[in-house]
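Breakdown of the fold
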Amino acid sequence: MTIDIQPIDPVNRAFFAGVVSGLDLSRPLSPQEVATVHAGMDEFGVLVFHDQKINDDQQLVFSRSLGPLELATGDIAAPEDRRVSMDLNDISNLDKNNKILARDDRRRLFGLGNQLWHSDSSFKEIPAKYSLLSARHIPPTGGNTEFADMRAAYDTLDEATKHEVHDLICLHSQIFSRGILGFTDFTDAEREKWAPVRQRLVRKHPTTGRLSLYLASHAGGIEGWPVPEARAFLRDLTEHATQRQLVYAHVWKPHDLVMWDNRVTMHRARRYDYAEVRDMRRTTLTNEVSSLEQAP
């Protein structure tokens with residue numbers, strides 16, 4: 001079949017999300033198909049693949065065909081409590097026995113940070129490139145994922161603000177993002193693991209050359225700025241970047257796979273009934289280099 005990528009909503013707001021047809025992700029892709037996916041990501045930033053009934057191994061094969069993966073070291077589950085391998089992020093409300101986590105379970109409360117606007121792994125010195133999220137079981141209502149186009153967010157800044165943000169360096173940590181929700185239950189080892197890392201506030205895409213804001217709820221400071229002023233400024237930028245006309249809300253269907261470029265988008269999960277099963281698996285490509293090496 002011929003691969004086709006069409007904007008989901010070119011008239012209104014979802015011009016940066018494309019729906020892909022003509023690919024079966026349960027089988028290995030050809031080099032030409034891989035190149036087409038990369039080109040689609042460069043153009044859109046978010047790609048949606050419907051009806052992809054894949055297992056973990058097939059998701060890993062597809063993901064690795066696009067580039068090297070990072071390990072799932074950003075969650076709070078102990079290795080012995082994981083349901084899946086370290087190559088996969090378990091984006092679910094289930095324990096290792098596939099039982100729904102209690103409402104006050106520490107792992108669930110930590111995972112609520114996914115409902116804040118963020119970019120995956122911006123709290124790592126080498127952050128994420130693509131994320132690929134496969135819907136294995138979805139709740140009957142809620143649980144959508146929203147995406148914000150950070151290229152458009154940069155483009156629509158006034159010139160004075162573009163000048164102000166151009167060379168700023170932010171400090172990112174999961175300690176910051178979870179603290180917004182009042183989650184402070186971290187061990188000393190976790191606090192050391194998630195010590196703040198430096199990321200550029202403005203990034204240049206290595207292929208397209210477009211500039212984008214690099215924001216996340218993980219960003220809790222700006223180098224050289226007083227903390228209250230930095231956080232107020234970052235909040236203003238996030239409000240600007242997540243105006244409804246810059247956001248695409250994905251309503252999940254069973255066996256959807258959605259992939260996005262963390263260099264040019266932010267995203268957040270939306271609430272759902274914690275007593276309903278939501279089972280998603282995420283593979284994540286490493287960016288390979290620090291954002292500090294992608295100067296505008």
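Before reading on, note that the structure itself is shown above.
What comes next is a walk through the structure. Per chain, the residues get numbers from 1 upward, laid out in the order the sequence is written. This being a predicted model, a pLDDT of at least 70 is required before a residue's local features are given, and a value of 80 or more before pairs of side-chain atoms are given or counted; all residues contribute to the totals for chains, interfaces and linings. Side-chain numbers come from the whole structure's heavy atoms, not from hydrogens or water.

**Examining the sheet that holds strand 12 (residues 247-250)**
A pair of strands counts as paired when DSSP detects no fewer than two bridges linking them. Only runs of H or I of at least four residues qualify as helices and only runs of E of at least two qualify as strands under DSSP, and these elements are numbered from the N terminus. One open sheet holds the three strands; their spatial order is 12-6-14, and the pairing between them is antiparallel. Across the chains shown, the open sheet's two edge strands, defined by having one partner strand only, are strand 12 and strand 14 (265-269). Within the sheet, the average angular offset between the axes of one strand and its neighbour, ignoring direction, is 20°. In this sheet, strand 12 lies alongside strand 6 (residues 145-149) in antiparallel orientation, the contact comprising four bridges. Angular values range over 0 to 180 degrees, each being the angle between N-to-C directions of two axes fitted as lines to C-alpha atoms, with helices fitted over their stretch in contact.

**Quick look at empty space enclosed by the protein**
Here a cavity denotes a set of grid points, spaced 1 Å apart and computed over the protein atoms alone, in which a 1.4 Å probe fits but from which it cannot get out, and a pocket denotes an open set meeting protein on both sides within 12 Å along at least five of seven lines; residues with an atom within 4 Å of a point are reported as lining. Grid points are joined across faces, edges and corners, and a volume is the space filled by probe spheres set on the points. Inspection of every chain in the model, using the stated rule, returns two cavities of 30 Å³ or more. Here the largest cavity is characterised by a volume of approximately 120 Å³. Forming the walls of the largest cavity are Ile 91, Asn 114, His 118, Asp 120, Leu 133, Thr 145, Trp 260, His 267, Arg 268, Ala 269, Arg 278 and Arg 282. For the lining of the largest cavity, the leading source of residues is strand 14, giving three residues. Residues are sorted three ways: Asp, Glu, Lys and Arg are charged, Ala, Val, Leu, Ile, Met, Phe, Trp, Tyr, Cys and Pro are nonpolar, and all the rest, Gly among them, are polar. Looking at the lining of the largest cavity residue by residue, the classes come out as four nonpolar, four polar and four charged. The calculated volume of the second largest cavity comes to roughly 30 Å³. Together, Arg 203, Lys 204, His 205, Pro 206, Ser 212, Arg 263 and Gln 294 line the second largest cavity. In terms of residue class, the lining of the second largest cavity is made up of one nonpolar, three polar and three charged.

**A closer look at the environment of Val 20**
Topologically, Val 20 is positioned in strand 2 (residues 17-21). Val 20 sits in the buried class, given a relative accessible area of 9%. Through-space distance from the C-alpha of Val 20 to that of Phe 183 is 38 Å; in sequence the pair is 163 residues apart. Note on exposure labels: buried denotes an accessible area under 20% of the residue type's maximum, exposed denotes more than 50%, and partly exposed covers the range between, all computed with a 1.4 Å probe on protein chains only.

**Topic: the sheet that holds strand 8 (residues 197-200)**
Spatial strand order, 8-7-11: three strands in an open sheet with antiparallel pairing. The sheet terminates laterally at strand 8 and strand 11 (219-222), the two strands that pair on one side only. Between one strand axis and the next, the sheet turns by 40° as a mean value, whatever way the strands run. By the bridge criterion, three bridges tie strand 7 (residues 169-172) to strand 11 in an arrangement that is antiparallel. If you follow His 172 over to strand 11, its bridge partner there is Ala 219. Its contacts with the sheet put helix 8 (residues 227-241) on strand 7 and strand 11, and the angle it makes with strand 11 is roughly 120°. Throughout, a residue-residue contact means that at least one pair of heavy atoms, one from each residue, lies within 4.5 Å.

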